[in-house]
Amino acid sequence: SASRRRRARPRSLTADRPLRTADFAYHLPPELIAQTPGTERGGSRLLVVRRGIGAAGLHDSSFADLVDLIPPGDLLVLNSTRVRHARLLGTRPSGAPAEVLLIHPSTDGSWIAIGKPGSALKPGKRITLGPESEIETVEVLPDGERRVRFVGMPAEKAISRYGKLPLPPYIEHEPTADDEDRYQTVYAEREGSVAAPTAGLHFTDALLAELRGRGVHVVSLDLEVGPGTFKPVEEEDISAHPMHPERYEIPAAVAAAVREARARGAAVWAVGTTVVRALESAAGEDGTVREGTGETRLLISPGYTFKVVDHLLTNFHLPRSTLLMLVAAFAGYDLTMAAYRHAVDERYRFYSYGDAMCIL
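The rules behind these values
Residues numbered from 1 in each chain as written. Predicted model: local features only at pLDDT ≥ 70, side-chain atom pairs only at ≥ 80, totals over all residues. Heavy atoms only, no water. Axes fitted to C-alpha atoms, helices over the stretch in contact; angles between N-to-C directions. Helix = DSSP H or I, 4+ residues; strand = E, 2+ residues; numbered from the N terminus. Parallel < 35°, antiparallel > 145°, perpendicular 65-115°, else oblique. Left-handed = near helix turned anticlockwise from the far one by under 90°. Contact = heavy atoms within 4.5 Å. Nonpolar A, V, L, I, M, F, W, Y, C, P; charged D, E, K, R; others polar. Buried < 20%, exposed > 50% of the residue type's maximum accessible area, 1.4 Å probe, protein only. Pairing = 2+ DSSP bridges. Polar contact = N/O pair within 3.5 Å; in protein donor to acceptor, adjacent residues only side chain to side chain. 1 Å grid on protein atoms, 1.4 Å probe; cavity = no way out; pocket = protein on both sides within 12 Å on 5 of 7 lines; lining within 4 Å. Points joined across faces, edges and corners; volume = space filled by probe spheres on them. Phe/Tyr/Trp six-rings, centres within 6.5 Å; stacked < 30°, edge-to-face > 60°. Salt bridge = Lys/Arg side-chain N within 4 Å of Asp/Glu carboxyl O.

Comments concerning the packing of helix α6 (residues 273-281) against helix α7 (residues 322-331)
Point 1. One way to put it is that α6 packs onto α7 with a least axis distance of 10 Å and a crossing angle of 70°. With respect to α7, the axis of α6 lies roughly perpendicular. Here α6 runs over α7; the crossing is left-handed. Contacts from Thr273, Val276 and Arg277 in α6 reach Leu323, Leu326 and Val327 in α7.
Point 2. Of the residues contributing to the contact of α6 with α7, the split by class is four nonpolar, one polar and one charged.

Some details on the pairing of strand β14 (residues 268-271)
On a regular strand, one side chain projects to one face of the sheet and the next to the other, so that they alternate.
Point 1. Burial along β14 is two-sided: the residues Val268 and Ala270 and Trp269 and Val271 are all buried.
Point 2. Relative to β14, strand β3 (residues 75-79) runs parallel, the two being bridged by three bridges. Opposite leucine 76, over in β14, you have tryptophan 269 as the bridge partner.

Let's talk about the side chain of glutamate 280
Point 1. Positionally, glutamate 280 belongs in helix α6.
Point 2. According to the relative accessible area criterion, glutamate 280 is buried, its value standing at 2%.
Point 3. Engagement of the side chain of glutamate 280 in a polar contact is seen with the backbone nitrogen of valine 308, the distance being 2.9 Å.
Point 4. Leaving out residues up to four positions away in the same chain, glutamate 280 has contacts with Leu298, Ile300, Tyr304, Thr305, Phe306, Lys307, Val308 and Val309.

Overview of empty space enclosed by the protein
Point 1. Summed over the entire model, instances satisfying the criterion amount to two cavities of 30 Å³ or more.
Point 2. Of the volumes computed, that of the largest cavity is approximately 380 Å³.
Point 3. Around the largest cavity, the lining is made up of 33 residues, and of these Val225, Thr229, Thr273, Thr274 and Leu323 lie nearest the centre.
Point 4. Listed by contribution, the elements that provide at least two residues to the lining of the largest cavity are α6 and α7.

What to know about the packing of aromatic side chains
Point 1. A full pass over the atoms with the stated rule returns 15 aromatic pairs.
Point 2. A ring pair is formed by tyrosine 183 and tyrosine 353, whose centres lie 5.9 Å apart and whose planes are at 80°; its orientation type is edge-to-face. With a gap of 170 residues between them, tyrosine 183 in the loop between α3 (177-182) and β11 (191-193) and tyrosine 353 in the loop between α8 (333-345) and β17 (356-359) connect regions that are remote in the sequence.
Point 3. Overall, tyrosine 353 belongs to the buried group, its relative accessible area being 5%.
Point 4. Their ring planes at 80° and their centres at 4.9 Å tell us that tyrosine 304 and phenylalanine 306 sit as a pair that is edge-to-face.
Point 5. Look at tyrosine 304 and you get buried, because its relative accessible area is 14%.
Point 6. According to the relative accessible area criterion, phenylalanine 306 is buried, its value standing at 0%.
Point 7. Taken together, the aromatic side chains of Tyr26, Tyr170, Phe230, Phe316, Tyr340, Tyr348, Phe350 and Tyr351 make up a single cluster linked through ring pairs.

A word on the pattern of salt bridges
Point 1. Summed over all chains, the structure comprises 16 salt bridges.
Point 2. The residue aspartate 181 makes a salt bridge to arginine 41 at a minimum N-O spacing of 3.7 Å. Of this pair, aspartate 181 sits in helix α3 while arginine 41 sits in the loop between α1 (2-6) and β1 (45-49), placing them 140 residues apart in sequence.
Point 3. Between arginine 126 and glutamate 134 there is a salt bridge; the shortest N-O distance is 3.0 Å.
Point 4. Connected via shared salt-bridge partners are Arg126, Glu134, Glu136 and Arg149.

Here's the deal with the packing of α7 against α8
Working note: a packed helix pair is described by the angle between its axes plus the distance between those axes.
Point 1. Look at α7 against α8: their axes get within 7 Å of each other, and the N-to-C directions meet at 120°. As summarised for this structure, α7 and α8 are arranged oblique, according to the angle between their axes. Crossing handedness for the pair α7 and α8: right-handed. Of the residues in α8, those in contact with Leu324, Val327, Ala328 and Ala331 of α7 are Tyr333, Leu335, Thr336 and Tyr340.
Point 2. Taken together, the residues of the contact of α7 with α8 sort by class into seven nonpolar, one polar and no charged.

As for the layout of surface pockets
Point 1. Looking at the largest pocket, its volume works out to about 740 Å³.
Point 2. Glu99, Leu101, Ile114, Lys116 and Pro169 are the residues nearest the centre of the largest pocket, which is lined by 27 residues in total.
Point 3. Listed by contribution, the elements that provide at least two residues to the lining of the largest pocket are β6 (97-105) and β7 (111-116).
Point 4. If you tally residues by element for the lining of the largest pocket, the top one is β7, at three residues.
Point 5. Looking at side-chain class alone, the lining of the largest pocket contains 13 nonpolar, five polar and nine charged residues.

A few points about the sheet that holds β3
Point 1. Read across the open sheet, the nine strands follow the order β2-β1-β17-β16-β14-β3-β12-β13-β15; overall the sheet is mixed. Where the open sheet ends on each side, the last strands, each with one partner, are β2 (58-62) and β15 (292-296). The mean angle between the axes of side-by-side strands here comes to 25°, regardless of whether they run parallel or antiparallel.
Point 2. Of the strands in this sheet, β1, β2, β16 (311-315) and β17 are in contact with α8, which crosses β2 at around 50°.

As structure tokens, this is what we get:
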């Protein structure tokens, strides 16, 4: 089973040159970008992708049928991160609007953040959130991020009072009560992300209970999704794309569960690209996953050799994105792009609130 896990996925069945960023562009009619969640959590469609048989491996299904796809004894790994109310809207001294997106806190009480306009986030400048609450920029970091601090009101209190759910940039409405519920997974625990691990949004408590009842092992790790998840790759040479760091934590129980699954020949299922990146970042060359915390800048693109993950559940991702490249690395470039063409033709819903894909 180790050799099965460690083989590199095919780059492409047809390409005789290295893949470039432009190869990951595809046409998506704007109306297929899901602006709201489906009527019921767990009621989405599921495109099942079987590797090794080309376009014949594409099968239209529903997410509820996942229980029939995961054999008893296999291991399902979730990302239990919770989305922080990290978007803060305020005003500059002139009265003009400004926005801050908190990424994560620092040990000295400051926060790493991004915001707009950039001119409002220069060292020493303040943005007013409300009475007795301001954010001051302390420094501009080399990658363009800012170190900021809260003035007047403690960070927790200011975030609780003024923070908004940071919906993705392609969702065109302000957060609603429905978003507050549906843009979090049912198993979300510790706050830390600026975006949801969207493959997990499809799971209901009932579905997870049914999977466990059928003998599927379910465990959770934590990876804090950062704003880089939405950043398109601008370099044509994929390897030149700078990945923003994302923090992760692999509990001892997860490392043990992966080790035990491998020992009994069971498969490891990753729910989302964030789980893939956390597991693969924490794995040694022999596929042994190390427990503990870390920070990953891992860019997975075609040609990557997977050490841990055998099957992947994921949503449909933006063109020219590192997430699409990861999927192509896992399923093979040609099959991935065929699956996306099929999804467009069959009017699947795309992105965070969209439908799902299961790669077998």
